[in-house]
Amino acid sequence: TVQEIFLFFSVLLCTQPSLHTAYPCQSVCYLHTVSITQVTMGEGEPAPAATPPAIKIFISGNSGSKEISNAQHRITMILKSLGIVMEVVDISAPGVEEQRDFMRAGAKKKEGQRFALPPQLFNGEKYCGDYDDFDVANEDDELEEFLCLPRKTPKAVPGKPEDETKPEAENAEVGGDLI
């Protein structure tokens, strides 16, 4: 069948050392996966479930600035810990000139800067903000609103200590009279 041919072809290319220089294994295997998906998907099969829109983070993989590198790392770590789907776009990589131009056109630049510098965050086509905006939203427990995402957890209510929520029976004396 067509699927078996693609599988054999993929295994052959991915295991032959002489072919690795002409055809990198990752890109061939990726194309193989796409081809099988297209071949095996029939009319009677349901469409794959739509994934939630990813937060697009524009970074620079070769930034000489420690401040930029730390900000990029902190954003990705926080979003990973919250389970928020993200797409990282390295604007310093070759072939992403359109993405870099999109970021520069949509993002705000700080005073004295020629272009907006990474990290910059977008939700689809909508600009969310830069690292400073992200940090403020995170500290204020408004990250979901900042990223235009539905809130997963209820917002913490300031000024309501946990002691007030305990039932009175827990706070009452046990055993009655004190000696």
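Anything mentioned here points back to the structure above.
Residues numbered from 1 in each chain as written. Predicted model: local features only at pLDDT ≥ 70, side-chain atom pairs only at ≥ 80, totals over all residues. Heavy atoms only, no water.

Chemist: Hey, could you run me through the packing of helix H3 (residues 66–81) against helix H5 (residues 131–139) in this one?
Modeler: Pairs of packed helices are described in terms of their axes, by the angle between the two and the distance that separates them. Relative orientation of the contacting elements H3 and H5 amounts to 40 degrees, with a least axis distance of 11 Å. Considering their axes alone, H3 and H5 lie oblique with respect to each other. By crossing handedness, the relation of H3 to H5 is classed as left-handed. Together, Ala-71, Arg-74, Ile-75, Ile-78 and Leu-79 of H3 and Tyr-131, Phe-134, Asp-135, Asn-138 and Glu-139 of H5 make up the contact between the two elements. (Axes fitted to C-alpha atoms, helices over the stretch in contact; angles between N-to-C directions. Helix = DSSP H or I, 4+ residues; strand = E, 2+ residues; numbered from the N terminus. Parallel < 35°, antiparallel > 145°, perpendicular 65-115°, else oblique. Left-handed = near helix turned anticlockwise from the far one by under 90°. Contact = heavy atoms within 4.5 Å.)

Chemist: Got a minute to help me understand the pattern of salt bridges in this structure?
Modeler: Pairs can form between side chains of opposite charge whenever their charged atoms are close. In total, this model carries seven salt bridges according to the counting rule given. With a closest N to O distance of 3.2 Å, Arg-151 and Glu-145 form a salt bridge. On the accessibility criterion, Glu-145 (42% relative accessible area) is partly exposed. Within the structure, one salt-bridge network assembled from shared partners comprises Asp-141, Glu-144, Glu-145 and Arg-151. (Salt bridge = Lys/Arg side-chain N within 4 Å of Asp/Glu carboxyl O. Buried < 20%, exposed > 50% of the residue type's maximum accessible area, 1.4 Å probe, protein only.)

Chemist: Honestly, the packing of aromatic side chains in this entry has me stumped. Any pointers?
Modeler: Each aromatic ring pair is characterised by the separation of its centres together with the angle its planes make. All told, the structure shown has five aromatic pairs when counted by the stated rule. Ring centres of Phe-102 and Phe-122 lie 5.0 Å apart, and the angle between their planes is 45 degrees; on these two criteria the pair is classed as tilted. Remark: Phe-122 occurs in strand E3 (residues 120–123) and Phe-102 occurs in helix H4 (residues 97–106); sequence separation between them is 20 residues. For Phe-102, a relative accessible area of 24% translates into the label partly exposed. Three or more aromatic residues joined by ring pairs make a cluster, and in this case those are Phe-58, Phe-102, Phe-122 and Tyr-127. When the ring centre of Phe-115 is taken as origin, the NZ or CZ atom of Arg-104, which lies over that ring, is 3.8 Å away. (Phe/Tyr/Trp six-rings, centres within 6.5 Å; stacked < 30°, edge-to-face > 60°. Lys NZ or Arg CZ within 6 Å of the ring centre and 35° of its normal.)

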